[in-house]
Amino acid sequence: MRLSQFHLRTYKETPADAEVISHQLMLRSGMVRRLASGLYTWMPMGLRSLRKVEAIVREEMNRAGSVEVLMPSVQPAELWQESGRWNKFGPELLRLQDRHQRDYCIGPTHEEVITDIVRNELQSYKQLPASFYQIQTKFRDERRPRFGVMRSREFIMKDAYSFHMTDASLETTYQAMHDAYCRIFDRLGLRYRAVLADSGSIGGSASMEFHVLADSGEDAIAYCPDSSYAANIERAETLPQGAPAAPQEALRQVDTPGVRTIAALVEAHSLPIEKTVKTLMVKAAEGHETPIVALMVRGDHELNEVKAEKLDIVAAPLEMADEATIRRLVGAGPGSLGPINLPISLVVDYAVAAMSDFGAGANIDDQHFFGINWGRDLPLPQSADLRNVQPGDPSPDGAGTLEMLRGIEVGHIFQLGRIYAEALSCALLDENGKPTVLTMGCYGIGIGRIVAAAIEQNNDSRGITWPESIAPFSAVICPINRLKSETVAEAAEALYQQLLDAGVDVLLDDRPVRPGVMFADMELIGIPHRIVLSERGLAAGTVEYRHRSDEQSQDISLAEAVARVGGSHEA
RNA sequence: CGGGGCGUGGCGCAGCCUGGUAGCGCACCACAAUGGGGUUGUGGGGGUCGAGUGUUCGAAUCACUCCGUCCCGACCA
């Protein structure tokens, strides 16, 4: 490509509304342009990288035996009503009506459509397992779009779905997808980690997320350096901790005027934070005897929402109780709550169940109990894994202690089970002639997000340092003083043709700009290989080669430069 | 959804407090010089100051409403 015939717009200044580095660099290098909140245009330079990601994903999906289709992004409400998600889905689902006032949504995902296709299209169990995928635009009306294409409302996703007669068959395909995903992220040249994930409210069994590692990632990942254990913090388990130590202190009720927070309690009464608890009031599940229930975690721990939601007595999605309800049922406000004389159901975290001589609210405003001990002062309530893991917690596989990383979720594979097939009556006769509901897997990859995540992981003070696999161009030719020097102009043209013929994705910077502008732009865009042609060098029989990650450029022969560019292109 | 910030040419910003003819840098156009790290000079073009209503002789500036946008929060009692 000749840059004079391409479109490139770069910016010297960082746009004020971009927070993360990938968003800043994507805007500055002219890869994307914001149209409205959470809506981005992929400009020519950005689109080239996006397409390269797509191509790798497509190749590996095909290799894994998945078949490409393309489904509509606008979907009829009937299908969503059939699956039950028309009502279950919140405001993230963008709904609209056509001229006949028929209801539609813009697809945030395509389980309904693909299941509809399969139930109509597949006629025999002999056609199974079957796997379909598409690379397509999705829309989710995020409550807070941010970080550019990292969390946009409209985004490009590869979504795949597999259908099976048996769980064993699903398991096999799930594993094949796992392996395909590893190949994809290996080829993309990203540092990533596959982690156990929560299977969510949809149900289903196994689920893994693929995270690109980056400090700016929105997700926390717990992993064990001594084993293969890695899990999203939503899912990472903590273990029961055994019996509490014997009581050392007497139970006593203490005036704690104005103490409403753990921090204040620790401060004012010199209580170690590990001897405090947080009592959290949440809405109870439908049909429970009281409208709210209590959950308790240690003062220095965090409640894990996902785990809490899974308790039978807790409403899903998790919702905190309002103060009026708490006062009506407990008689005290938040900040003075505790396990003693608590008139509602209580579930405590494993760590709380192992505490002794601890302090908690007395369920009377401005009063706390200190020296609380289970068994002696009140019966030990039901205990469960309710909190987020922390660095230093034992690994659930018993192989050491956990550490934490930040990650950007770029892929998710999921054994869905029969929920959708059941709801949409997607069944086939098995070899015995017995109708059998199909079981399903689904597998997603955020294509646009991968581009952003790659930049998040690969940048320096001058711009993007792409992995070779997804750089918008592989190499750039920068002719110095092309307009004044026949020699340079001709050499540039010849080299350009030679590289094109060799199949190199090469850019010729034939703009009438000074070298400094050229270099700055090409480094911002992050093209891996740069060859500079000058009268001086050509006279000496050399060209100047520099890889984007090199400190210095090198004067080498033209032939060697061609070999380097061509060689790494193949790699 | 709650809180906060910000909306002034394509981008980055000043001006607003204390009302009085809309400015700077980058980018853009023309000419000249320069020609290996975002050149220099001269001369240009481009803005309903987010929208509406109000106050005022007069509003970018003050007030109110709305819209957009970004950040923080939406368990952490």
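Preceding block: the structure.
Residues numbered from 1 in each chain as written. Chains lettered and ligands numbered in written order. Predicted model: local features only at pLDDT ≥ 70, side-chain atom pairs only at ≥ 80, totals over all residues. Heavy atoms only, no water.

S.K.: Give me the lowdown on the protein's contact with RNA strand B, citing residues and values where you can.
M.R.: The environment of RNA strand B is made up of 47 residues, and the closest members are Arg 144, Pro 334, Glu 523, Ser 534 and Glu 544. Backbone atoms, meaning sugar and phosphate, make up 48% of the atoms of RNA strand B lying within 4 Å of the protein. At 3.2 Å from a phosphate oxygen of RNA strand B is found a main-chain nitrogen or oxygen belonging to Ala 16. For the surface near RNA strand B, the elements supplying multiple residues, two or more each, are strand 14 (277-283), helix 14 (515-525), strand 28 (529-533) and strand 29 (543-547). The dominant element in the surface near RNA strand B, judged by the number of residues it contributes, is helix 14, at seven residues. Taken together, the residues that form the surface near RNA strand B break down as 16 nonpolar, nine polar and 22 charged. (Near = heavy atom within 4 Å. Polar contact = N/O pair within 3.5 Å; in protein donor to acceptor, adjacent residues only side chain to side chain. Helix = DSSP H or I, 4+ residues; strand = E, 2+ residues; numbered from the N terminus. Nonpolar A, V, L, I, M, F, W, Y, C, P; charged D, E, K, R; others polar.)

S.K.: I'd like a description of the sheet that holds strand 29, backed by residues and values.
M.R.: Taking strand neighbours across the sheet as the criterion, the five strands line up as 27-26-28-29-30 in an open arrangement whose pairing is mixed. Two strands in the sheet have a free side with no partner beyond their single neighbour: strand 27 (506-508) and strand 30 (554-556). If you compare each strand with its neighbour and ignore which way they point, the axes differ by 25 degrees on average. In this fold helix 14 packs onto strand 26 (475-479), strand 27, strand 28 and strand 29, with an angle of close to 175 degrees to the strand it touches most, strand 26. (Pairing = 2+ DSSP bridges. Axes fitted to C-alpha atoms, helices over the stretch in contact; angles between N-to-C directions. Contact = heavy atoms within 4.5 Å.)

S.K.: Pulling in residues and values, what's your account of the sheet that holds strand 13 (residues 252-255)?
M.R.: The pairing of strands in a sheet happens through backbone hydrogen bonds and is either parallel or antiparallel. With antiparallel pairing, three strands are arranged side by side in an open sheet as 13-18-17. Two strands lie at the open edges of the sheet, namely strand 13 and strand 17 (358-361), each paired on one side alone. Direction aside, neighbouring strands of the sheet carry axes that sit 30 degrees apart on average. Taken together, the four bridges between strand 13 and strand 18 (residues 367-372) define a ladder with antiparallel strand orientation. Its bridge partner being in strand 18, Arg 252 is matched across the sheet by Phe 370.

S.K.: Run through the environment of Met 296, naming residues and quoting values.
M.R.: Along the chain, Met 296 falls in strand 15 (residues 292-298). Judged by relative accessible area, which is 0%, Met 296 ranks as buried. Sequence separation between Met 296 and Ala 351 is 55 residues, and the spatial gap between their C-alpha atoms is 9.5 Å. (Buried < 20%, exposed > 50% of the residue type's maximum accessible area, 1.4 Å probe, protein only.)

S.K.: Give me unusual backbone geometry: which residues, what numbers.
M.R.: The peptide bond linking Leu 128 to Pro 129 adopts the cis configuration, its omega dihedral lying at 0 degrees. Relative to the elements of secondary structure, Pro 129 occurs in the loop between helix 5 (111-121) and strand 7 (130-139). The backbone of Gln 101 shows a phi angle near 60 degrees, a positive value even though the residue is not glycine. Exposure remark for Gln 101: the relative accessible area of 55% places this residue in the exposed category. Unlike most non-glycine residues, Ser 270 shows phi in positive territory, near 35 degrees.

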